[in-house]
Amino acid sequence: MSTKTRAAVKVEHGQPLVVEELVLQDPQESEVLVELFASGICHSQLHQIHSPHSRMPGLLGHEATGVVLKVGSEVTHLKEGDHCMVTWVPRDVKVDSPSPTPTRFEFRGKQYIGGAVYTWAEHVLVHEQMVLPLSKDVETAATAIVGCATVTGVGAVMGTANVQKDQSVAVIGVGGVGINVIAGAKIAGANPIIAVDLLDEKLDFAREFGATHTVNAKDTDAVEAIREITGGGADFAFDAIGGPVTTPQILAAVRYGRLGATKGGVAVVVGIPQGPVTLPPGSYPMGEKSLIGSLGGSSHPDTDYPQYIDWYLNGELPLDKMITTIYPGLDDINEGVRALENGEIRGRSIMVFRQ
């Protein structure tokens with residue numbers, strides 16, 4: 001048996017995505033066929049769109065919610081009719097686990113590899129590691145961003161950095177991931193929580209998720225402002241953009257340690273750098289600062305995602321407020337990409353395929 005669906009497909013570099021029909025076969029042993037409710041539109045997908053080296057035809061997207069249509073014979077954590085979350089972070093991988101095998105799709109009469117996960121489609125066929133159960137009592141539009149924005153942002157705070165109560169946090173870049181970092185810092189009890197961006201609108205928005213201070217880096221030296229607010233430097237600084245300007249800034253913005261007494265602060269890169277980064281003089285080894293990367297927040301989706309949902313349900317993690325733009329399906333995907341690229345999305349944007 002097969003399923004016909006529609007998806008946004010990259011077919012030519014430098015050209016808009018096309019929305020066309022795919023044909024998906026029934027799931028193999030470790031695969032799951034999902035009809036999607038909603039999918040997030042993540043900034044990191046712009047890198048794939050603009051890279052001349054990305055796979056073509058290529059499928060995009062990596063955070064969504066949906067309903068399970070069929071499961072392979074080896075899938076035990078889901079069954080037909082279950083609601084679910086689709087994510088790019090494998091749910092239960094051990095050190096020696098093999099990588100999830102990519103699925104396949106038919107496009108314009110030919111078979112292609114679909115990659116580990118994709119969600120800019122009305123139906124997806126993915127490896128069971130990329131799908132987790134979601135209670136049917138939970139709203140499916142707001143939770144569509146858990147699989148990337150939340151696990152990346154909140155996960156960086158809780159998993160990678162392990163921020164503690166009353167430690168100081170600075171966040172550079174308060175888009176969809178950055179506001180999740182801020183929300184995670186608030187849940188952790190951090191204080192102060194400093195949001196840094198170039199747009200006052202985004203900074204005002206960041207206060208709704210827990211920022212206690214805001215800095216417009218267009219008008220103010222962000223590093224000096226963070227040092228002044230924290231009395232010498234933040235315990236943790238997160239770069240939610242990733243780049244030659246912002247990564248050196250977070251390293252400069254964390255506090256110095258005292259030789260023989262204390263370690264310095266921790267700079268955490270969450271955004272994906274697209275070029276080389278030059279570290280500022282004096283970063284190493286003076287001050288015993290740490291510069292670390294966070295890819296998916298060192299998360300364990302089987303246990304962490306239910307916690308995110310609990311925080312959402314009790315009001316600590318306002319996912320619904322984070323979603324500021326909703327597109328009614330795939331036909332507006334190129335407009336969604338344009339708006340995201342031009343900085344017009346205040347929080348997170350999503351596509352909704354069905355209720």
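Within each chain, residues carry numbers counting from 1 in the order of the written sequence. Only residues with pLDDT of at least 70 get local features here, since the model is predicted, and only at 80 or more are side-chain atom pairs given and counted; chain-wide, interface and lining totals rely on the full set of residues. As a rule here, side-chain values come from all non-hydrogen atoms in the structure, and water together with hydrogens is ignored.

1. A closer look at the sheet that holds strand E16 (residues 290-293)
At step 1: When DSSP finds two or more bridges between a pair of strands, those strands are recorded as paired. For the purposes of this entry, the term helix denotes a DSSP run of H or I that reaches at least four residues, the term strand denotes a run of E that reaches at least two, and both are numbered from the N terminus. Overall, parallel pairing links the six strands, which are arranged E13-E12-E11-E14-E15-E16 in an open sheet. Across the chains shown, the open sheet's two edge strands, defined by having one partner strand only, are strand E13 (213-216) and E16. Ignoring strand direction, the axes of neighbouring strands in this sheet form an average angle of 20°.
At step 2: Alignment of strand E14 (residues 236-239) against strand E15 (residues 266-269), held across four bridges, turns out to be parallel. Directly across from Asp239, in E15, lies its bridge partner Val269.
At step 3: Every residue pair with non-hydrogen atoms within 4.5 Å of one another is taken to be in contact. Helix axes are fitted only over the stretch in contact, all axes being lines through C-alpha atoms; the angle between N-to-C directions runs from 0 to 180 degrees. Of the strands in this sheet, strand E11 (169-172), strand E12 (193-197) and E13 touch helix H5 (residues 222-230), which is tilted by about 165° from E12.

2. Considerations on the packing of aromatic side chains
At step 1: Stacked, edge-to-face and tilted are the three classes for Phe, Tyr and Trp ring pairs, Trp counted by its six-membered ring, which pair at centre distances within 6.5 Å; planes under 30 degrees apart are stacked, over 60 edge-to-face, the rest tilted. Here the structure, examined in full by the defined rule, presents four aromatic pairs.
At step 2: Taking 5.8 Å as the distance between ring centres and 35° as the angle between the ring planes, the aromatic pair formed by Tyr305 and Tyr308 counts as tilted. You can see Tyr305 and its partner Tyr308 sitting in helix H7 (residues 301-313), three residues apart, about one turn around the helix. For the pair Tyr305 and Tyr308, a shared accessibility class is recorded, and that class is buried.
At step 3: Here a set of aromatic residues connected by ring pairs shows up, and it is made of Tyr305, Tyr308 and Trp311.
At step 4: We call a charge positioned above a ring when the Lys NZ or Arg CZ atom is no farther than 6 Å from the ring centre and deviates by at most 35 degrees from the ring normal. If you follow Lys289 out to its NZ or CZ, it ends over the ring of Tyr256, 4.0 Å from the centre.
At step 5: For the cation-ring pair, Lys321 lies above Phe209, with the distance from its terminal atom to the ring centre recorded as 5.6 Å. Only protein chains enter the calculation, and the probe is 1.4 Å; a residue is then buried if its accessible area is under 20% of its type maximum, exposed if over 50%, and partly exposed in between.

3. Quick look at H5
At step 1: Where H5 is concerned, the buried positions are Ala222, Val223, Ala225, Ile226 and Thr230. The buried residues of H5 all sit within an arc of 165° when viewed along its axis, so they share a single face.
At step 2: Where H5 is buried, its residues contact E11, E12, E13 and helix H6 (246-253).
At step 3: Contacts described as polar in this section are N or O atom pairs within 3.5 Å, which, within protein, must combine one atom able to donate a hydrogen with one able to accept it, while residues neighboring in sequence count only if both atoms come from side chains. One side-chain oxygen at the N-terminal end of H5 lies 3.1 Å from the backbone nitrogen of Val223; it belongs to Asp221.
At step 4: Positive phi shows up at Gly231, right after H5, with a value of about 75°. It is the directions from the helix axis to the C-beta atoms that the arc portrays.

4. Quick notes on the confidence of the model for the chain
At step 1: The predicted model of the chain averages 92 in pLDDT, with 99% of residues at 70 or higher.
At step 2: The element-level mean pLDDT for the chain is lowest in helix H1 (residues 44-50), coming to 87, with E11 highest at 98. A residue's pLDDT is simply how confident the predictor is in it, with values from 0 to 100.

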